[in-house]
Amino acid sequence: MFSKLAKVANAVFAVALGAALLGTGAGPSVAAPGPPVIGGGSGIVIDNMFECTVTTVGHDNAGRLVGLTAGHCGDPGAQVYAEVDREAGVIGRFVYSNAELDYAVIEFEPGAITPVNRIGNVTITGIGGPAQFPMIVCKEGRTTGNTCGITYGDVFGTNIETWTQMCVVEGDSGAPVVAGTTLVGMVNAYLAIACFGPEVGTNMSAIMNDLNARGGPGAGFMPI
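Cut-offs used in this document
Every residue gets a number counted from 1 within its own chain, in the order that chain's sequence is written. In view of the model being predicted, local features appear only for residues whose pLDDT reaches at least 70, and side-chain atom pairs are presented and counted only at 80 or more, with totals across whole chains, interfaces and linings using the full set of residues. Processing note: side-chain calculations cover all non-hydrogen atoms of the structure and skip hydrogens and water entirely. Numbering goes from the N terminus for both helices and strands, where a helix is a DSSP run of H or I of at least four residues and a strand is a run of E of at least two. Counting of polar contacts relies on pairs of N or O atoms within 3.5 Å, with two restrictions inside protein: one atom must be capable of donating a hydrogen and the other of accepting it, and residues adjacent in sequence are counted only when both atoms are side-chain atoms. By the convention used here, residues are in contact when the closest approach between their heavy atoms is within 4.5 Å. In this analysis, rings of Phe, Tyr and Trp, with Trp reduced to its six-membered ring, are considered paired at centre separations within 6.5 Å, and the interplanar angle assigns stacked below 30 degrees, edge-to-face beyond 60, and tilted for intermediate values. Only protein chains enter the accessibility calculation, which uses a 1.4 Å probe; a residue is then buried when its area is under 20% of its type maximum, exposed when over 50%, and partly exposed in between. Only when the NZ of Lys or the CZ of Arg is both within 6 Å of the ring centre and within 35 degrees of the ring normal is a charge said to sit over the ring.

### Focus: the side chain of Asp 60
Phase 1: Tracing the chain through its elements places Asp 60 in the loop between strand S5 (56-59) and strand S6 (65-70).
Phase 2: For Asp 60, the side chain forms a polar contact with the main-chain nitrogen of Gly 218, separated by 3.0 Å.
Phase 3: If we skip the residues at most four places from it in the chain, Asp 60 touches Val 66, Gly 216, Pro 217, Gly 218, Ala 219, Gly 220 and Phe 221.

Here it is, written out as structure tokens:
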């Protein structure tokens, strides 16, 4: 997806693709009683190196507790830690990563997290189709928190991605994009300049279609 976005950026704006939104150098965390609370908008640390944001947490059709994030955040087998409580140890592992759609599935260790449907100012009550121009959508990212902006839509008719005008920077990769309380996409990249250039993200409808067609962890996903 990122090579494709780079070509789009060069062709349309004659600028380079904004950084893959991986944060680095996680700061100190403060442990809270019980398993760390994780939901769409939570910060995670991958392999003790990279920071990203959880898109959503829920169960698949086999009853596994799984989460979604951006695919460029990790490969299968990558270990996941909660940014809010690194001392809790490994809370899950990447079990699938799709480079084309740029999404990944995390399977959480039993009892390792407290799953929730609200983080910050974003609540997720369901999954819906892509947002359309001129809808206002919002995201909750581990770096920039809650930001909102206008939807430009599927600019190039890919049926995969939606462009919006939301502030995103490194570490926001995977952040849930919502219309109200409906999860419609995830954050994957920005074009040109952070918090100025358009944000581009994968539609949840494309992710769900791929998950269900592939089977295995994440198939039949339903958010908490």
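### Concerning the packing of aromatic side chains
Phase 1: According to the stated counting rule, one finds two aromatic pairs in the structure shown.
Phase 2: Here the aromatic rings of Tyr 96 and Tyr 103 are separated by 5.8 Å at their centres, their planes lie at 55°, and the arrangement is tilted. Of the two residues, Tyr 96 and Tyr 103, both sit in the buried class.
Phase 3: Ring plane angle 55° and centroid distance 5.8 Å describe the contact between Phe 156 and Trp 163, whose orientation is recorded as tilted.
Phase 4: Note on Trp 163: relative accessible area 3%, which makes it buried.
Phase 5: Between Arg 86 and the ring centre of Tyr 81, over which it is positioned, the NZ or CZ distance is 5.9 Å.
Phase 6: Note that Arg 214 overlies the ring of Tyr 96, its terminal NZ or CZ placed 3.7 Å from the centroid.

### Observations concerning unusual backbone geometry
Phase 1: The omega torsion of the bond from Phe 133 to Pro 134 falls at 5°, within 30 degrees of zero and hence cis.
Phase 2: Residue Asn 48 is not a glycine yet carries a positive backbone phi of 60°.
Phase 3: Mapping Asn 48 onto the fold places it in the loop between strand S3 (43-46) and strand S4 (50-53).
Phase 4: Judged by its relative accessible area of 45%, Asn 48 is partly exposed.
Phase 5: One non-glycine residue, Cys 195, lies in positive phi territory at about 65°.
Phase 6: Structurally, Cys 195 is set in the loop between strand S19 (189-190) and strand S20 (199-202).
Phase 7: Taking relative accessible area as the criterion, Cys 195 reaches 36% and is therefore assigned partly exposed.

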